[in-house]
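If you want the building blocks of each chain, they are given just below.
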Amino acid sequence: MTEIFRTCPDTGLKFHRPAENLMKANAVAAVVFLLVGGVYGLLVGLTRWPAVHLLPADWFYLALTAHGLNVLIFWLIFFEIALLYFCSAALLGCRIATPKIAWAGFALMLIGALMNNYIVLTGNATVMMTSYAPMEAHPLFYLSLILFAVGALIGCFVFFGTLVVAKAEKTYEGSVSLVTFGAITAAIIAVFTIVSGAIILIPTLLWSLGFIAEIDALAYRLIWWGFGHSSQQINVAAHISVWYAIAAIVFGAKPMSEKVSRMAFLMYILFLQLASAHHLLADPGVSSEFKMFNTSYAMYLAVMASMVHGLTVPGSIEAAQRAKGFNSGLFEWLRRAPWGNPTFSGMFISLVGFGFLGGISGVVMGVEQINVLMHNTVYVPGHFHATVVIGTTLAFMALTYWLVPVLFRRELVMKKLASWQPYLFGIGMSGVALFLMGAGTLGVPRRHWDITFSMTGGVVHEFPAAANTLLALNGLSVILAIAGGAAFCIIIVSSLLFGRKLGNEEKLDPPIMATPPEDSDYEGIGTGAISVPGTLVLAGVFFVAFAVYYFINWKYLAETWGIG
Amino acid sequence: MNSTLTPPKSKLWWNEPVEKSELIWISIVFVWGLVMSFMMPYWHVTGNQNLSNETYKTTPERFMSKAQSFVDEYTVRNEGPRNYPVVKPPPGGDVYMVARLWDFWPIVELEKDQTYRFHLSSMDWQHGFSLQPANINIQVLPKYEHVFTLTPNSAGEYSVICNEYCGIGHHMMIGKILVVE
Amino acid sequence: MNDDDQTPPLMQRVLDNPFILLFLGVAFPSVLYLIWGIMEIVSVPLAN
């Protein structure tokens, strides 16, 4: 038994070798699909820049389809499977359940992802990621997604099995860690996501093969979004777990209170998936009651959960920093944070970008009535580049810098570039999010090759001149973000290939795992009864921005035509 | 010593007190959630922009024949590069608009500050009814007839552009709504 | 008396059981979103 475990000298974590290999394989596959999807993203961004207009129409729509699938599905889900194995086997110090089945799941995911890229590249599946019926793709398109989803579902059940193993073999005492609990949340949402995907994609495959006569367009949208939106909710639960993990890795932070953070995750488990209804707010056939209840995640209980995490993640960092002696003023804890460490800076930019850009825009766009102003405009991709790229992707990048030595036992190369990378990527992607949202408020449609309408034989619409400027600024931001994404891929791939191999007992200096402060160090931090005044002030700023933007949009709505 | 990566130190962590900072924030966001929950039904009562959900199952043929009789009855002239009928229904009347690969048909002429009942459906795939620059965006589905009202609040030429991807000609799909005083 | 020997409160036991959570996390959105939504779609009346 002993030799199939190793203990990491830097972190003290106990790695089961088969689990470790699975984590490595999934993480490497993730980065490969990030690279592919990123290249497609560059082509899309440059085509939407009116002065450049790089690709012809058919290639633009093809690239957009491939971009969405490679980054929104393949990169993120591969990484999340690696994360699930890490949060179960590594954090609980146990063996992974059924490694052979886990490898079968990985193989299915890989086959699905490759098949999908192939069939999209042939031009027979230029249907966007959403593949809205009755627009039809080649059957292999649906089959590839089903294979990928089944593989991912297997990964989820290996994760749940590993939790059972850890409990049965008593590798931990009491409750699982908060980070593992967040991973459980992500896995539960993943199960609902994949089941929804199966319910709709299997009949759609049969329809494309001619065994079923018709797929109802509205039923397709309803169930597909149970898959398509919930898969982004896996990302939210996963990247918030990563934030908590990085708070412990960099600062030795502990949860402000276990109860509050876990209840916030429970609100996700119960209500986060309801937000799939965001996509149906401008649809016929579903009632306002359905729309209001579901789009508000049951009266904003899941939004409340996100805002709670938004306090407790930086709050736990502030408390740990104050316990270490950075206790003066409101923000000494933040000034003295390691801003040159990409694991921290990536996580913090992810937190701020997800909240201010992605969170606020998502809730506002999800208001039943206000949605009519944004539905299917480029505001929508603006919003989700803030949530899923600044939020999730940057958080995963930040963690990857730490995983290189811990999991792969290689020293990171190009450390200077790495310290800049989160800023490059974060600023570039913030530009993408803001400029797309700006163009969206001017009515620019998403997924559209030519907003000058040059091919319509003279029936044209002229958007405000600012729309062209915003799309050009978006193109520049895309280049910046792609430079940041490319830097990440180069650093990680070079580190894995050429980074110095670390010895089995070798400890890195400086250490890459903070020592948690003693409980007694936490006594008397902050001001009076408020232990984290700085975080509370930041949360207040966030709240004001949120409320102001929310009501501004009601005012915009009131100014347009009457709609009844 | 514990962290977010280790099991909680206390096995009865549920009974541990909650930080005051957290209690303050939870109270604020809970009230904010109630405010936002109130706003949507409140707008249904007092606001002028509440998209109707009145919907019927239909077929492309049935919808097209209704649209054709609407065009036959109220066409006032033909115009534009596509020589499309400009249809002017009476104020308060019904408007049929067909979304298809790749245009919106016919051209509609409305009077400012009058309310019209729009009927919208697709002949083929999914489309997006995006009225610019008013920036009103509604999903259009085949086999569903969506009925809602629109009340123009200023005169001018408006475009209806498709903002749901509908194949290789998606960027050619455009129509017009004219609003007169 | 040692705290660690007590049975945890009900809510903690729920949060400590991933399979109860899995059931809830699939049941809630299935009923509130999928089933409710499908019921509305199938009850859309026919056009005349």
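Residues numbered from 1 in each chain as written. Chains lettered and ligands numbered in written order. Predicted model: local features only at pLDDT ≥ 70, side-chain atom pairs only at ≥ 80, totals over all residues. Heavy atoms only, no water.

**Q** Explain the overall build of chain A here, please?
**A** The helix and strand tally for chain A stands at 15 helices and 3 strands. Relative to the 2.2 N^0.38 estimate, which gives 24 Å for 564 residues, the radius of gyration of chain A is 23 Å and therefore close to what a compact globule would have. Seen along its three principal axes, the alpha-carbon backbone of chain A occupies a region of about 70 × 55 × 45 Å. Looking at charge distribution, chain A has the averaged site of its 28 positive side-chain charges lying 7 Å from that of its 27 negative ones. (Helix = DSSP H or I, 4+ residues; strand = E, 2+ residues; numbered from the N terminus. Rg over C-alpha atoms; globule rule 2.2 N^0.38 Å. Lys, Arg positive; Asp, Glu negative; His and termini not counted. Charge placed at Lys NZ, Arg CZ, Asp CG, Glu CD.)

**Q** Before we go on, may I ask you to explain the domain arrangement of chain B in this structure?
**A** One frequently used descriptor of interface size is the decrease in accessible area upon assembly of the parts. Domain parsing of chain B yields domain 1 (16–46) and domain 2 (54–180). Computed from C-alpha coordinates alone, the two centres of domain 1 of chain B and domain 2 of chain B are separated by 40 Å. (Domains from an automatic or database assignment.)

**Q** Help me out: how do you make sense of a nonpolar patch on the surface in this one?
**A** Taken together, the side chains of Met299 and Phe551 of chain A together with Phe30, Val31, Leu34 and Val35 of chain B present a nonpolar region at the surface, about 510 Å² in accessible area. Ranked by residues supplied to the nonpolar patch, first place goes to helix 1 (residues 20–46) of chain B with 4 residues. Take Leu34 of chain B: it is sitting in helix 1. (Patch = residues over 30% accessible without salt bridge, like charges linked within 9 Å, V, L, I, M, F, W, Y side chains within 5 Å. Areas by Shrake-Rupley, 256 points an atom, 1.4 Å probe, with all protein chains shown as cover. Salt bridge = Lys/Arg side-chain N within 4 Å of Asp/Glu carboxyl O.)

**Q** What's the story with the pattern of salt bridges in this structure? I'm lost.
**A** Where charged atoms from two side chains of opposite charge come close, those side chains can pair. Residues and elements named next belong to chain B. Here the structure, examined in full by the defined rule, presents 28 salt bridges over all chains. Residues Lys88 and Glu111 are paired through a salt bridge, measuring 3.8 Å at the closest nitrogen-oxygen approach. A residue pair is termed long-range when its members are at least 10 positions apart, and Lys88 in the loop between strand 3 (84–87) and strand 4 (94–100) and Glu111 in strand 6 (residues 107–111) qualify at 23 residues. A relative accessible area of 28% means that Lys88 is categorised as partly exposed. One salt bridge in this structure joins Glu157 and Lys176, with 2.8 Å as the shortest N-O distance. (Buried < 20%, exposed > 50% of the residue type's maximum accessible area, 1.4 Å probe, protein only.)

**Q** Explain helix 8 (residues 288–295) of chain A here, please?
**A** Because the α-helix completes a turn every 3.6 residues, residues three or four places apart line up on one side. Taking burial as the measure, the 8 residues of helix 8 of chain A include 6 buried ones, the bulk of the element. Looking only at helix 8 of chain A, the buried set comprises Ser288, Phe290, Lys291, Met292, Asn294 and Thr295 of chain A. Packed against the buried residues of helix 8 of chain A are helix 6 (217–251) and helix 9 (297–323) of chain A, helix 1 of chain B together with helix 2 (18–42) of chain C. Phi turns positive one or two residues past the end of helix 8 of chain A, at Tyr297 of chain A, with a value near 50°. (Contact = heavy atoms within 4.5 Å.)

**Q** Would you take a moment to explain the nonpolar core for this structure?
**A** The nonpolar side chains of a soluble globular protein tend to be buried, and buried together. Counting 250 residues, the largest nonpolar core has Phe78, Phe86 and Phe141 of chain A as the members making the most contacts within it. No other element matches helix 2 (residues 57–92) of chain A, which puts 28 residues into this core. Built from parts of two domains, this core gets at least three residues from each of domain 1 (16–46) and domain 2 (54–180) of chain B. Those residues in contact with Phe86 of chain A that lie beyond four places of it in its chain are Leu13, Phe15, Met23, Leu91, Trp402 and Leu403 of chain A. If you look at the next biggest cluster of nonpolar residues, it comprises 41 residues, including Ala99, Tyr116, Cys166 and Leu178 of chain B. (Core = buried A, V, L, I, M, F, W, Y, C linked by side-chain atoms within 4.5 Å.)

**Q** How should I be thinking about the interface of chain C and chain A in this particular structure?
**A** Listed as interface residues are 23 residues of chain C and, on the opposing side, 37 residues of chain A. Buried area between chain C and chain A, summed over both chains or domains, comes out near 2,500 Å², and the portion from carbon and sulfur atoms is 81%. For the chain C face of the interface with chain A, the top three residues by lost area are Leu15, Tyr33 and Ile41 of chain C, together amounting to 26%. Where chain C packs against chain A, one counts 0 salt bridges. Taken together, chain C and chain A are joined by 5 residue pairs in polar contact (both at pLDDT 80 or more). Of all the secondary structure elements, the ones that give two or more residues to the side of chain C that touches chain A are helix 1 (10–15) and helix 2 of chain C. Its residues placed into classes, the side of chain C that touches chain A shows 17 nonpolar, 4 polar and 2 charged. (Buried area = accessible area lost by both parts, 1.4 Å probe. Polar contact = N/O pair within 3.5 Å; in protein donor to acceptor, adjacent residues only side chain to side chain. Nonpolar A, V, L, I, M, F, W, Y, C, P; charged D, E, K, R; others polar.)

**Q** For this particular structure, what's the right way to read the interface of chain A and chain B?
**A** Residue-level contacts link 116 residues of chain A with 88 residues of chain B. Both faces considered, chain A and chain B share a buried interface measuring about 8,900 Å² in area, 66% of it formed by carbon and sulfur atoms. Broken down residue by residue, the surface that chain A buries against chain B is led by Lys259, Trp561 and Ile563 of chain A, which jointly contribute 10%. Across the chain A-chain B interface, the total number found is 5 salt bridges.

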